[in-house]
Amino acid sequence: MRFHPPTPFSPRSTKYLGVTPPIAVSESTPREKEVTVTLLEELRRQGTFESEEEAKTREIVLGRLAALVKKFVHKVSLARGLSEAAATAAGGKIFTFGSYRLGVHGPGSDIDTLCVVPKHVSREDFFDVFEDMLKETDGVTEVSGVPDAYVPIIKTKISGIPIDLVMARLALSTIPDDLSLQDDNLLRNLDERCVRSLNGSRVTDEILRLVPNVSVFRDALRCIKLWAQRRAIYSNVNGFLGGVAWAMLVARICQLYPNAIAGAIVSRFFIIMYQWTWPQPVLLKPIEDGPLPVRVWNPKIYPADRAHRMPIITPAYPSMCATHNVTLSTQMIMTEEFKKASEIVDRVIIGKASWSDLFAKHDFFHKYRYYLQVIASTGSPDLQIKWSGTVESRIRQLVMKLEYVESLALAHPFIKGFEQVSYCMNEEEMRAVAQGEISEAIAKRKKEDIENVEGSNVVYSTTFYIGLAVEPRQPGSVGPRRLDISYPTTEFTKLVKLWEKFDENKMGIVVRHIRSSALPDYVFDEGERQPRMAQKRTKEKATDRSHHTSPDVPNKKARLVQTITIMGYPGCLLMSDRHSISETTAALPHEGLKTVGNGTHTLPHLNTATSVDRPPTNAGVYKPTVKDPSQIKSPQLPSGENVAVATRVS
């Protein structure tokens, strides 16, 4: 396995990439070179590189997409009254960005694509005309537009290749084939959504220009991406970091160690990110002012910018924060993961661990005693893609509201939803599925089983999960404590219902609270789930025993915190008994509105005296492959290296 050493950076040079001098300019040690070879071998073994066949398919798909964009612009131009010649000359062009443009994409990864169109083509055209054209194109599947997203997007698949499409309308009459996006003046007279869409491509190109060695950067970034994905912290929409943010962090470490190779970059990455003094921003170059009337990230002027917890600032004008979605909870989770990873890499370097240990699967579904399920459902596959995408884009708002709940230490969102298609015989089964109650009979049923059955229907559902970490009981406190999450869940369901295309007769939204023992099997890999009996607490208080509970209680006893709408049954609110989690039963939608006490809606009492956030150490099959962070010393840079150099922005 060969690697490409960087071109040496001279310590006498007064020029450097970034906003500070490097931390160190020495070359990597022989051991760091050895572990870099084994890192690249492991990355190949982990399947992070695509085949030549898939690479060729991507090129063909991009060619088809480029032609379709021109056809789209031509069609809209004619509709606007342009002549045939003018419509043809109007052009249209695509630019790739993200992991594909950076050269770190893997098998099955999506291609971030920017569609640039002339001024007479509107965003509405993009989501109405172009989306319909995509649906009618051979080989295109799963077309879903999300026009209300922070960066409006159409997600699709072409010949099996996932594509994320964004659009920018320039203040130009025509879009030539040789158009370059480097000119800042192209941003004139654009709305903020177009500027954000353009920024993706401009940022990607700027990142590649600002790293001392592109090959080293790519190798290190492949490692960090795989680690973040395996640890379930790779998701911008859910409050973690997206691809561009991880890329900028790796690029910054490359700037601080211009002569280091990938293994050394990865080692320093985790230490420096753990020690970073947030909200000190991560910058790849000084923030530039410009003559254009566009907003540039500036916490001194904009209160919203001051609220960013982990600001990682894009290097292309106008500079923006790529991590505005990060919450208190997700920041805590990522910081913990930096610490764990640093300890593993240290052990790799001294020969006591292997790189595969770094890429161990997350323990999200083993980590907490309590979870929230957010279930979005519809009766149509196309509508489900839009509805579930809309709900997912609002999960972060629920997490932020949960962070203010007394006694809740952390709200941990999982980075993806679980999709299911259920074939229901009757309305009762449809209601049960919309509430997250999928019986074994429904789960095994196939499409042909309900054909010609009167009253049967298909329900498409997507379930999102949030882990709830309850604070330890304070010394001297007595009695059970109440964890009241009614306000966050009520506000969340109100928020998703504000979607302009929301139809209470076609879309369902359910938020409910469940124990870890009630988690469905589909969230676990085969053989991963603990035996049910092993999930019992080692000690039970008398108050708990009186509830006659067992981890084997079927899912029909799961706690419904709240149901605002189940398809065709608007306005119903399902509440549990307020005294005990175990005594909770779910009401059916036709039983109508139920509230508790003075109209407040609370979860049952949670007796947290014996509550744990992790399974007992003797809990059977599942054994954590990563140490508890409390058992790990704070990581430190090698002697003579100081992270403070990186934060003294000149």
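Use the structure listed above.
Criteria and cut-off values
Residues numbered from 1 in each chain as written. Predicted model: local features only at pLDDT ≥ 70, side-chain atom pairs only at ≥ 80, totals over all residues. Heavy atoms only, no water. Helix = DSSP H or I, 4+ residues; strand = E, 2+ residues; numbered from the N terminus. Contact = heavy atoms within 4.5 Å. Areas by Shrake-Rupley, 256 points an atom, 1.4 Å probe, with all protein chains shown as cover. Salt bridge = Lys/Arg side-chain N within 4 Å of Asp/Glu carboxyl O. Phe/Tyr/Trp six-rings, centres within 6.5 Å; stacked < 30°, edge-to-face > 60°. Buried < 20%, exposed > 50% of the residue type's maximum accessible area, 1.4 Å probe, protein only. Lys NZ or Arg CZ within 6 Å of the ring centre and 35° of its normal. Expected span 1.5 Å × (residues − 1). Axes fitted to C-alpha atoms, helices over the stretch in contact; angles between N-to-C directions. Parallel < 35°, antiparallel > 145°, perpendicular 65-115°, else oblique. Nonpolar A, V, L, I, M, F, W, Y, C, P; charged D, E, K, R; others polar. Polar contact = N/O pair within 3.5 Å; in protein donor to acceptor, adjacent residues only side chain to side chain. Patch = residues over 30% accessible without salt bridge, like charges linked within 9 Å, V, L, I, M, F, W, Y side chains within 5 Å. Lys, Arg positive; Asp, Glu negative; His and termini not counted. Charge placed at Lys NZ, Arg CZ, Asp CG, Glu CD. Pairing = 2+ DSSP bridges.

Asks: Break down the overall build of the protein chain for me, citing the residues and quoting the values.
Replies: Helix and strand counts for the protein chain come out as 19 helices and 14 strands. Taking the intrachain contacts of the protein chain between residues at least 6 apart in sequence as the baseline, contacts between residues at least 24 apart amount to 75%. As displayed, the protein chain offers around 28,700 Å² of accessible surface, 51% of which is attributable to carbon and sulfur atoms.

Asks: Can you lay out the pattern of salt bridges for me, pointing to particular residues and giving the numbers?
Replies: One pass over the full model with this rule turns up 30 salt bridges. A salt bridge links Arg193 to Asp191; the nearest nitrogen and oxygen atoms lie 4.0 Å apart. Residues participating in the shared-partner salt-bridge network are Arg231, Glu336, Glu337, Lys340 and Lys367.

Asks: Please provide a residue-by-residue account of the packing of aromatic side chains, values included.
Replies: Applying the stated criterion to the full structure yields 26 aromatic pairs. Measuring from ring centre to ring centre gives 5.7 Å for Trp227 and Trp246, while their planes differ by 85°; the resulting arrangement is edge-to-face. In this pair, Trp227 is assigned in helix α7 (residues 214-230) and Trp246 in helix α8 (residues 243-256), connecting sequence segments 19 residues apart. One exposure class covers both Trp227 and Trp246, and it is buried. With centroids separated by 5.4 Å and ring planes inclined at 85°, the aromatic side chains of Phe365 and Tyr465 adopt a geometry described as edge-to-face. Taken together, the residues span a long stretch of sequence, with Phe365 in helix α13 (residues 364-367) and Tyr465 in strand β9 (residues 457-470) at a distance of 100 residues. Judged by its relative accessible area of 5%, Phe365 falls in the buried class. By relative accessible area, Tyr465 is classed as buried at 1%. Among the aromatic side chains, those forming a connected cluster through ring pairs are Phe364, Phe365, Tyr368, Tyr371, Phe414, Phe418, Tyr465, Tyr522 and Phe524. The residue whose ring lies beneath Arg222 is Phe49, and the NZ or CZ to ring-centre distance is 4.1 Å. A cation over a ring is seen here: Arg295 above Tyr302, with NZ or CZ 4.0 Å from the ring centre.

Asks: I'd like a rundown of helix α5 (residues 123-135), residues and numbers included.
Replies: Residue pairs three or four apart in sequence face the same way in an α-helix, which turns once every 3.6 residues. Taking 1.5 Å of rise per residue, the 13 residues of α5 would be expected to cover 18 Å, and the 17 Å separating its terminal C-alpha atoms lies within 8% of that figure. Among the residues making up α5, those that are buried are Arg123, Asp125, Phe126, Phe127, Phe130, Glu131, Met133 and Leu134.

Asks: Could you give an account of the packing of α8 against helix α9 (residues 262-275), naming the residues involved and the relevant values?
Replies: At their nearest, the axes of α8 and α9 sit 10 Å apart, and the two run at 110° to each other. Between α8 and α9, the interaxial angle falls into the category roughly perpendicular. Residues Trp246, Leu249, Val250, Ile253, Cys254 and Leu256 of α8 touch α9, and the partners they reach there are Ile265, Arg268, Phe269, Ile272 and Met273. When the residues that make up the contact of α8 with α9 are grouped by side-chain class, the tally is ten nonpolar, no polar and one charged.

Asks: Which residues make up helix α15 (residues 427-434), and what values do they have?
Replies: Buried residues of α15: Glu429, Met430, Arg431, Val433 and Ala434, and no others. Where α15 begins, one side-chain oxygen reaches toward the backbone nitrogen of Glu428, 3.2 Å away; that side chain belongs to Asn426. Gly436 sits one or two residues past α15 and shows a positive phi near 90°.

Asks: Give a detailed account of a negative patch on the surface, specifying residues and quantitative values.
Replies: Taken together, the side chains of Glu124, Asp128, Asp132 and Glu136 present a region of like negative charge at the surface. Glu136 gets classed as exposed once you look at its relative accessible area, which sits at 65%.

Asks: Can you lay out the side chain of Thr493 for me, pointing to particular residues and giving the numbers?
Replies: Turning to its location among the elements, Thr493 is positioned in helix α17 (residues 486-497). Thr493 gets classed as buried once you look at its relative accessible area, which sits at 0%. For Thr493, the side chain forms a polar contact with the main-chain oxygen of Thr489, separated by 3.0 Å. Here the side chain of Thr493 touches Thr490 through a polar contact of 2.9 Å, landing on its backbone oxygen.

Asks: Report on the packing of helix α1 (residues 30-45) against α9, specifying residues and quantitative values.
Replies: Two elements in contact, α1 and α9, have axes separated by 7 Å at closest approach and are oriented at 95°. It follows from the interaxial angle that α1 and α9 lie roughly perpendicular. Contact with α1, carried on its side by Glu32, Thr36 and Leu39, involves Ala262, Gly263, Ala264, Val266 and Arg268 of α9 and no other residues of that element. In terms of residue class, the contact of α1 with α9 is built from four nonpolar, two polar and two charged.

Asks: Kindly report on the pairing of strand β5 (residues 161-169), identifying the contributing residues and their values.
Replies: The buried count for β5 comes to eight of nine residues, which makes it a mostly enclosed element. Judged from the seven bridges that link them, strand β2 (residues 111-117) and β5 form a sheet pairing that is parallel. Bridging from a neighbouring strand, Cys115 pairs with Met167 of β5. Sheet topology note: the strand β4 (residues 153-158)/β5 ladder contains five bridges and is antiparallel. Residue Ile154 lies in a different strand from β5, and its bridge partner there is Leu165. From the end of β4 to the start of β5, which pair antiparallel, there are two residues, and Ser159 there has a positive phi angle of about 55°.

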